[in-house]
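A look at the structure
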Amino acid sequence: MTVLSNREIGSEFWSIPVLSQKENNLFPKETSWFLSGRVALEYIISDIKAKFCVSSVAMPSWCCDSMIIPFVKNGIEVMFYTFQDSDSIPECDILFCMEHFGYIRNGKEINFPGIVIHDVTHSLFSENLGMKKINGAKAQYFFGSLRKWAGFKTGGFAGCLGGEFTAQTPIVTSNEYIKLRTQAMLDKEKYISGKTDSKEYLKLFSKAEEMLDCGTYGFATEDDVSAAKKLDVELIRKCRRENAAQLLEVVSDIAIYPEIRENDCPLFVPIRLKKEMRDELRKHLIEHNVFCPLHWPLTKYHTITDKQRQIYDEELSLVCDQRYTTDDMDYICELISDFRRTKV
């Protein structure tokens with residue numbers, strides 16, 4: 001494991017340090033591998049259009065626009081149901097569902113006669129993948145991205161449960177994306193280990209993301225696929241659960257999920273504060289080299305109610321991943337506690 005010299009908590013991964021000698025059986029046999037989760041989703045949509053006549057999809061009101069845009073591009077009307085309220089699902093052809101941040105909370109069975117797409121990005125390391133019980137669905141697809149969990153250049157994946165893809169394969173337009181991600185990760189590792197003080201890697205990561213936004217397609221690299229199948233699932237679960245529990249000792253009163261349950265494997269520890277306070281806390285953490293993301297930026301694609309929009313203005317995701325130790329969590333806790341004391 002890399003010895004940290006330049007202390008920085010959060011932001012992009014620089015390596016995949018948690019591999020085991022044996023395969024983890026984490027991914028179903030139907031899994032196909034892609035450049036990113038976004039590419040995987042577009043592939044699913046093309047497969048659905050090749051097999052079914054569809055015109056509408058229902059998505060959770062709290063989601064990233066990178067999941068909305070592929071439907072819009074394909075002429076599919078996007079409707080929204082309130083986050084964590086399956087009773088608010090409108091009538092539609094496709095149901096898009098996900099478990100936020102790896103916390104499995106809604107075990108309610110859903111009767112849905114259409115097509116189900118399950119985004120398992122957040123629940124990948126939660127036991128049973130957090131798969132909702134869907135009755136009567138015509139077809140069930142799954143997809144996700146490993147870039148949120150470890151240092152993958154690519155790591156998008158998808159599959160059709162009980163079936164096979166029939167859509168045309170995506171065209172690899174350029175290898176530049178993979179080269180940019182690879183160089184950015186190498187440069188960040190040099191920074192973290194103290195071999196350089198340059199943060200030019202941030203520009204490389206940003207340029208790579210811009211390429212995805214512009215529609216870069218392709219498959220995952222063979223080394224990423226091999227690494228995905230040998231991720232040490234138990235170690236990742238153990239580290240994240242312990243780190244999250246440590247953070248919750250300080251923030252449980254403002255946490256969206258104030259406790260960790262048996263099946264949970266946290267992607268982050270999401271908290272909620274009034275927007276001004278949230279923004280001040282985030283700034284305070286950044287000033288001390290702790291970089292916690294907001295989920296997600298609101299865009300024109302989020303045609304949701306004012307009440308549904310509120311969480312976007314108040315949420316902050318605290319970092320709890322396997323790169324970091326109990327000392328790192330203590331550091332974050334101290335920063336948050338000091339900040340909150342000044343606001344009482």
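Residues numbered from 1 in each chain as written. Predicted model: local features only at pLDDT ≥ 70, side-chain atom pairs only at ≥ 80, totals over all residues. Heavy atoms only, no water.

Another point: the state of the cysteines. Applying the stated criterion across every chain yields a total of 0 disulfides. Take Cys160: it sits in no disulfide, and the sulfur closest to it among the cysteines is that of Cys97, at 14 Å. (Disulfide = S-S within 2.5 Å.)

Throughout the structure, instances matching the rule amount to 22 salt bridges. Of the charged contacts, one joins Lys73 and Glu42 as a salt bridge, the two residues approaching to 3.2 Å between their closest N and O atoms. With a gap of 31 residues between them, Lys73 in helix H2 (residues 65-73) and Glu42 in helix H1 (residues 37-51) connect regions that are remote in the sequence. The shortest N-O distance in the salt bridge between Asp264 and Arg105 comes to 2.9 Å. Linking Asp264 in the loop between helix H6 (233-251) and strand E11 (269-272) with Arg105 in the loop between strand E5 (94-98) and strand E6 (110-111), this pair joins segments that are 159 residues apart in sequence. For Asp264, a relative accessible area of 0% translates into the label buried. The partly exposed category is assigned to Arg105, whose relative accessible area is 23%. Through salt bridges with shared partners, a single ionic network connects Glu8, Lys188 and Lys199. (Salt bridge = Lys/Arg side-chain N within 4 Å of Asp/Glu carboxyl O. Helix = DSSP H or I, 4+ residues; strand = E, 2+ residues; numbered from the N terminus. Buried < 20%, exposed > 50% of the residue type's maximum accessible area, 1.4 Å probe, protein only.)

Further remarks concern the pairing of strand E3 (residues 56-60). For E3, a buried count of 5 out of 5 residues is recorded, marking the element as mostly surrounded by other parts of the structure. Residue alternation in E3 divides its side chains into two sets, Ser56, Ala58 and Pro60 and Val57 and Met59, and both sets are buried. One ladder, built from 5 bridges, connects E3 with strand E4 (residues 77-81); its direction is parallel. Directly across from Ala58, in E4, lies its bridge partner Met79. (Pairing = 2+ DSSP bridges.)

Attention now goes to the environment of Phe143. Tracing the sequence through the fold places Phe143 in strand E9 (residues 139-145). The exposure class assigned to Phe143 is buried, which follows from its relative accessible area of 1%. Along the backbone, Phe143 and Ile44 are 99 residues apart, and their C-alpha atoms lie at a distance of 8.3 Å.

On to the nonpolar core. Met59, Phe71, Phe96, Ile117 and Leu318 are the most contacted members of the largest nonpolar core, which totals 102 residues. Ala58, Met79, Cys97 and Ile134 belong to the second-largest nonpolar core, a separate cluster that totals 10 residues. (Core = buried A, V, L, I, M, F, W, Y, C linked by side-chain atoms within 4.5 Å.)

Across the two faces of strand E13 (residues 315-318) the burial is the same, with Glu315 and Ser317 and Leu316 and Leu318 all buried. Strand direction decides the pairing type here: E11 and E13, joined by 4 bridges, are antiparallel. Counted as the bridge partner of Val269 is Leu318 from E13.

This brings us to the side chain of His118. Within the secondary structure, His118 is located in strand E7 (residues 115-119). Side-chain polar atoms of His118 contact the side chain of Glu99, separated by 2.8 Å. (Polar contact = N/O pair within 3.5 Å; in protein donor to acceptor, adjacent residues only side chain to side chain.)

What follows deals with unusual backbone geometry. In the segment running from His295 into Trp296, the intervening peptide bond is cis, with an omega of 0°. Note on placement: Trp296 falls in the loop between strand E12 (290-291) and helix H8 (306-314). Unusually for a residue other than glycine, Ser11 sits at a positive phi of about 70°. Along the polypeptide, Ser11 turns up in the loop between strand E1 (9-10) and strand E2 (32-34). A relative accessible area of 35% places Ser11 in the partly exposed class. Although it is not a glycine, Asn25 adopts a positive phi angle of roughly 55°. The residue Asn25 is located in the loop between E1 and E2 in this model. Judged by relative accessible area, Asn25 falls into the exposed class, the value being 71%.

Once that is clear, we can look at H2. Inspection of H2 places Asp65, Ser66, Met67, Ile68, Pro70 and Phe71 among the buried residues, and these make up the whole buried set. Tucked into the core, H2 has its buried residues touching H1, E3, E4, E5, E7 and E9. Positive phi shows up at Gly75, right after H2, with a value of about 70°. (Contact = heavy atoms within 4.5 Å.)

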